[in-house]
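# Chains, contacts and geometry: an overview
Listed below, chain by chain, are the residues.
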Amino acid sequence: MNARRGDRAPAKRTAAARTRATAKRAPLQREAKRKVRGAVKRAGKPTAKTQIVRTSRVRRRRLGITCYSHFGGSGVVATELGLALARRGYDVHFIANRLPFRLRTFESNIFFHEATPASYPVFDQAPANLALTTKMVEVVENYDLDILHVHYAMPFAASAYLARQLLLPRQLGVVTTLHGTDITLVGLEPAFFRVTQFSIQSSDRVTAVSRFLKQRAESTFGITRPIEVIYNFVDPDVFAPRKRAGLRLASPSTRILMHASNFRPVKNIPAVIHVFAEVRKRMQAKLVMVGDGPEKAGAEHLARELGVERDVLFLGNQDCMEELLPLADVFLLPSSTESFGLVALEAMSAEVPVVASNVGGLPEVVEHGVTGFLHDPGHLGGFVQSVLKLLTNEPLRRAMGRRARREARRRFDPHEMVGRYIRVYESLG
Ligand code: GMT
């Protein structure tokens, strides 16, 4: 069983370690209190500002994070944010149906609470949202949380709204981050529209991962409360251009195309196979497909139909993308809708140029002709041409890869984005 499982602090933190940590913190806390007292004395009567100083200096912020735990960009962003906040002194409580898959390193100040719905013969499906709401309430009360930050509006913003109502008159800040299909697809379903709209509108703060997504939320859901755009981020030390000796997917003369996703229809998976089949006619190449989902079986079938099955590797879900991405020569993402495309950013950070579709938030991440190429998702000829251009001109491919990494570092810096989330939390008072 994982050390973080269950409703308790990570097991590795022994009683002795806790005592040491408290002892280490005590002088710091005394020092912080002394500084605040000094500041208050100097300033005279406490103002709203000194009150805030007192709160933020003396008491650690306690935050709950809810996200999808299986493979997917929203869970990655939520987890990396939680880890970064914990390193900055926040107590971070993940509340989810299982341990988020990227939560694979131990960090102090990270806690995990599993929300498991009880089953009963009358249920068609166990009511997971209610179990999540109850767990949110329990964790907020037991650990004195200030804020719940939910990633993906559907249905987490609704669970957080209900938890906040249940906890009244206690004040709990609710932050909702919109990630993608919660706005562009699922939330639009008549069965979910009103509740998605209401729960986003009722959140204390709303953020979106791209300008495109913010505009889409405003235009389709009529959201009137301010939506702050905070781009997803990537750690350039983790997603770096290293070719690990011993880890090879093909012979050195074989060019590697890579795609990674949850294999949903929006990912336009058949396009990936068709583009590769065209490229394969002209050069020795392999296609590495990472991930799993409903479109995988169809893709395996299509690869056989086009006679390229021996050159397509379906690796299934892998959680070490930082090891795989640097092995690619080109990363392909021909989605029909994509609010951001975190994996494209991770590829860029690993110095891999991206050939993607020109939809949604992708043009905010990949710059056409600079860090990769963008095409209409239906224009397969354009994709083939761009991939061939990169694979037949190594200096161009390398130059684009270097620019991609430089832009990933410059525009999607983790310190900046985490700092912006912190400012959102602090604005809640
Ligand atoms: O929206 C989804 O289908 C799933 C979601 C996820 O959990 O990976 O993906 C969305 O959020 C990611 C993280 O912010 C973005 O990088 C993806 O572009 C976005 N997916 C879509 O918009 C299709």
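Provided above is the structure to which this section pertains.
Predicted, not measured: the structure shown is a model, and the values here were computed from it.

When you go through the chain residue by residue, the secondary structure sums to 16 helices and 13 strands. Within the chain, the proportion of its 429 residues that are buried is 45%. For the chain, long-range pairs separated by at least 24 residues make up 68% of all intrachain contacts whose partners lie at least 6 apart in sequence.

All right, on to the sheet that holds strand β3 (residues 110-114) then. Strand order in this open sheet of 7 strands is β3-β2-β1-β4-β5-β6-β7, and the pairing throughout is parallel. Both outer strands of the open sheet, β3 and β7 (227-229), are each paired with one neighbouring strand and no more. Sheet twist, expressed as the mean angle between neighbouring strand axes with direction ignored, is 25 degrees. Both strand β6 (residues 205-208) and β7 contribute to a ladder of 3 bridges, which runs parallel. Each bridged residue has a counterpart across the sheet, and for V206 the counterpart in β7 is I227.

Side chains of a nonpolar character, in soluble globular proteins, are inclined to be buried together. Residues L257, A344 and V354 are the most contacted members of the largest nonpolar core, which totals 116 residues. Per-element tally for this core: the top contributor is helix α5 (residues 153-167), with 8 residues. There are two domains that each give this core at least three residues, and those are domain 1 (60-233 + 414-426) and domain 2 (255-411). Here A344 is in contact with F331, L333, V354, A356, L362, V365 and V366, once residues within four sequence places are set aside.

A few words on the sheet that holds strand β11 (residues 330-333). The 6 strands lie next to each other as β10-β9-β8-β11-β12-β13, forming an open sheet whose pairing is parallel. Edge positions in the sheet fall to β10 (312-316) and β13 (372-375), since each of these pairs with one other strand and no more. Along the sheet, successive strands turn relative to each other by an average axial angle of 20 degrees, direction set aside. When strand β8 (residues 255-260) meets strand β9 (residues 285-290), the two strands line up parallel, connected through 6 bridges. Counterpart to A260 in the pairing with β9 is V290. Along the sheet face, helix α12 (residues 342-349) touches β8, β11 and β12 (354-357) and points at about 160 degrees away from the line of β12. On top of the sheet, helix α14 (residues 380-391) reaches β8, β11, β12 and β13; it is set at about 170 degrees to β13, its chief contact.

What follows is about the environment of D292. Secondary-structure assignment places D292 in the loop between β9 and α10 (296-305). Taking the C-beta count within 10 Å as the criterion, D292 has 18 such neighbours and is therefore assigned partly exposed. Apart from the residues within four sequence positions on either side, D292 is in contact with F263, G316 and N317.

Our next topic: helix α9 (residues 269-282). For α9, built from 14 residues, the straight-helix expectation of 20 Å at 1.5 Å per residue is met to within 8% by its first-to-last C-alpha distance of 21 Å. When α9 is considered as a whole, its buried residues turn out to be I269, A271, V272, I273, V275, F276, V279 and R280.

Time to look at the site of the ligand. Close to the ligand lie 19 residues, the nearest being G72, G73, S74, G180 and T181. Looking at the shell around the ligand element by element, the count peaks at 4 residues for helix α3 (residues 73-87). Its residues assigned to classes, the shell around the ligand shows 6 nonpolar, 12 polar and 1 charged. Residue assignment places the shell around the ligand across two domains, with domain 1 (60-233 + 414-426) and domain 2 (255-411) each supplying three or more.

With that out of the way, let us pick up the packing of α14 against helix α15 (residues 394-411). To characterise two packed helices, one gives the angle between the axes of the helices and the distance between these axes. Relative to each other, α14 and α15 sit at 100 degrees, their axes nearing to 6 Å. The pairing of α14 with α15 is recorded here as roughly perpendicular in orientation. Between α14 and α15, the contacting residues are K389, L390 and L391 on the first element and L396, R397 and M400 on the second. A per-class count over the contact of α14 with α15 returns 4 nonpolar, no polar and 2 charged.

A separate point is the environment of H301. For H301, the location among the structural elements is in helix α10. For H301, a count of 13 C-beta atoms within 10 Å translates into the label partly exposed.

On to the pairing of strand β5 (residues 173-178), then. Burial of β5 is extensive: 6 of the 6 residues sit out of reach of the surface. When strand β4 (residues 147-151) meets β5, the two strands line up parallel, connected through 5 bridges. The residue of β5 that forms the bridge with V150 is T176. Of the crossover connections in this fold, the one passing from β4 over α5 to the parallel β5 is right-handed.

Cut-offs and rules
Residues numbered from 1 in each chain as written. Predicted model: local features only at pLDDT ≥ 70, side-chain atom pairs only at ≥ 80, totals over all residues. Helix = DSSP H or I, 4+ residues; strand = E, 2+ residues; numbered from the N terminus. Buried ≥ 20, exposed ≤ 12 C-beta atoms within 10 Å, placed from the backbone. Contact = placed C-beta atoms within 7 Å. Pairing = 2+ DSSP bridges. Axes fitted to C-alpha atoms, helices over the stretch in contact; angles between N-to-C directions. Core = buried A, V, L, I, M, F, W, Y, C linked by C-beta atoms within 7 Å. Domains from an automatic or database assignment. Expected span 1.5 Å × (residues − 1). Near = placed C-beta within 6 Å. Nonpolar A, V, L, I, M, F, W, Y, C, P; charged D, E, K, R; others polar. Parallel < 35°, antiparallel > 145°, perpendicular 65-115°, else oblique. Right-handed = clockwise from strand over helix to strand, strands pointing away.

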